[in-house]
Amino acid sequence: MTTASRLDTLFPTLAEIPEQYRLGEPIEQRDYLVDGRLLTWNGPLATVRSPVFLATEEGDQQVILGSTPQLDAEAALVALDAAVRAYDNGQGAWPTMRVVERIQHVEAFLARMREQREVVVKLLMWEIGKNLKDSEKEFDRTCDYIVDTIDALKELDRRSSRFELEQDTLGQIRRVPLGVTLCMGPYNYPLNETFTTLIPALIMGNTVVFKPAKFGVLLIRPLLEAFRDSFPAGVINVIYGGGRETVSALMASGKIDVFAFIGTHKGASALKKLHPRPHRLRAALGLDAKNPGIVLPEVDLDNAVNEAVTGALSFNGQRCTALKILFVHEDVVDSFLDKFNSKLAALKPGMPWESGVALTPLPEEGKTDYLKDLVADAVAKGARVVNPGGGQSRGSFFYPAVLYPVSADMRVYQEEQFGPVVPVVAYRDLQKVIDYVLDSDFGQQLSIFGSNSAQVGRLVDAFANQVGRININAQCQRGPDSYPFNGRKNSAEGTLSVHDALRVFSIRTLVATKFQESNKALVSEIIRNRESTFLTTDYIF
Ligand code: G3H
């Protein structure tokens, strides 16, 4: 089947959508969560559009999924005040609660969250166009992350339950919360990435204002009751609306202590600058990336192609970790492109719920035009679209374009396309690739494909101080979640992993005393009489 004919039948009629994947009437959401209550917003609403269009007799019609509250600054500040009150300068019930009890609240939330799997997965497909398998994976991976976080915190707490003795000083060290946290996630992983900051922030005793991503908003709605019922009032507040209006006001208030944000470095910088006391703001940021895949002349080409295709094109290239530029040695570039293109031709375009579908419509309005501009710029400067049908589009769908030969003067050489465009650069001298990484504004990850140990070893050393993760003969990726996920330059601030996130959202407090009889007796008394939740030797089993 040609690409053109595949695109002709891409969008379904309503009748063609299997019953179990239909959504029914548009969802008009007016509620948001503040101070343990679902409030009703009577102001303006933002329309939620799906990347999916329906084929009708009047042409393709974009599906309207519903609407969400378009809160203003005033409403956002009310939510912030609830979080500030619940934190109560660290004296609130939540930040002072024993770890074992906080864990119980999170477990209660997780049980309620699991009940919402089907509806959340369905909304993931409809709101961001993620295919069924990956939507299910996103949900399950998020639940696993919560379980692993609980286990990691138990382990951390067990280690903190003992006293230490150094230079005649008796001490107990525990990690305690930082304060009020603002959590904002990205649209490509609106559940998973958001929860990888939200859950550690909560479980460490911080209180939270959470604003869902720009797409993947309605899918948080089924979790609001679970949030409300599982945590004390004000501990988790969920707001909606434009970031400029709401988040700017929150940051400018100076009451945010921790800023957890996955998005662009420009957005992160602009928001950080609004904080009147930046030295009091802890940030955990996941930002832009332009991860290169480097194919050496001595290589298992089939493996390199397999990894490069999924690395560049899973979820249509809309992953921060996606391979966004491929440097291929000129000795192997022709066979690489042949193999890459035939692998790509086997990827099935379609609707997210269709079995085996890999390529789906894109949620961002204007995205296909942006990608066309990138391709046109490269073509005007000497590149060609080398795969059949590359760059063809229909509505929100853009069929992947493989661009070759790409050179440094083209926009796609530097710009993060965050979509299905695959720039391929041929190189002879490895130094050209090394210089690209050294000069890049980004420093998240990269992939090296090769079998010559001297070449691979040289590159590992060249890049070890440039990026957060070097993948050998494998695509870039975040997981496993026990490994550090970070980046340098404009790509990130701080390190996340199950274990690291607990540290990011907390600080160590040391209680210390001179090791002498009177102090030993005093501390023993406090512990025996259970007169402190900090000073305790309780052990979580
Ligand atoms: O969008 C960025 C995500 O952190 C990438 O995660 O590598 O598992 O797709 P992933």
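The shown structure was predicted, so the numbers you read here are calculated from the model rather than taken from an experiment. (Residues numbered from 1 in each chain as written. Predicted model: local features only at pLDDT ≥ 70, side-chain atom pairs only at ≥ 80, totals over all residues. Heavy atoms only, no water.)

1. Comments concerning the packing of helix H9 (residues 243-252) against helix H10 (residues 265-274)
Phase 1: Look at H9 against H10: their axes get within 7 Å of each other, and the N-to-C directions meet at 45 degrees. By the criterion of interaxial angle, the relationship of H9 to H10 is oblique. Contact residues: Val247, Ser248, Met251 and Ala252 in H9; Leu271, Lys272 and Leu274 in H10. (Axes fitted to C-alpha atoms, helices over the stretch in contact; angles between N-to-C directions. Helix = DSSP H or I, 4+ residues; strand = E, 2+ residues; numbered from the N terminus. Parallel < 35°, antiparallel > 145°, perpendicular 65-115°, else oblique. Contact = heavy atoms within 4.5 Å.)

2. Some words on the packing of helix H15 (residues 430-439) against helix H16 (residues 453-463)
The angle between the axes and the distance between the axes are what describe a pair of packed helices.
Phase 1: At a minimum axis distance of 10 Å, the contact between H15 and H16 shows a crossing angle of 20 degrees. Comparing their axes, H16 and H15 come out roughly parallel. When the axes of H15 and H16 are compared, the crossing they make is right-handed. Of the residues in H16, those touching H15 at Leu430, Gln431, Val433, Ile434, Val437 and Leu438 are Arg458, Leu459, Ala462 and Phe463. (Left-handed = near helix turned anticlockwise from the far one by under 90°.)

3. A few points about the pattern of salt bridges
Phase 1: Per the counting criterion, the structure on display carries 31 salt bridges.
Phase 2: Taking the shortest distance from any N to any O, the salt bridge between Lys130 and Glu138 comes out at 2.6 Å.
Phase 3: Using a relative accessible area of 2% as the deciding quantity, one classes Glu138 as buried.
Phase 4: Note that Arg228 and Asp229 form a salt bridge whose closest N and O atoms lie 2.8 Å from each other.
Phase 5: Residue Arg228 is classed as partly exposed on the basis of its relative accessible area, which comes to 31%. (Salt bridge = Lys/Arg side-chain N within 4 Å of Asp/Glu carboxyl O. Buried < 20%, exposed > 50% of the residue type's maximum accessible area, 1.4 Å probe, protein only.)

4. Section: the domain arrangement of the protein
Phase 1: Split into domains, the protein comes out as domain 1 (31-42 + 71-161 + 174-286) and domain 2 (291-481).
Phase 2: Relative to domain 2, the C-alpha centre of domain 1 lies at a distance of 32 Å.
Phase 3: In this assembly, 17 residues from domain 1 lie in contact with 17 residues from domain 2.
Phase 4: At the surface where domain 1 touches domain 2, the tally comes to 3 salt bridges.
Phase 5: Between Arg141 and Asp481 there is a salt bridge, with its nearest N and O atoms 3.6 Å apart.
Phase 6: Applying the counting criterion to the domain 1 and domain 2 interface returns 8 residue pairs in polar contact (both at pLDDT 80 or more). (Domains from an automatic or database assignment. Polar contact = N/O pair within 3.5 Å; in protein donor to acceptor, adjacent residues only side chain to side chain.)

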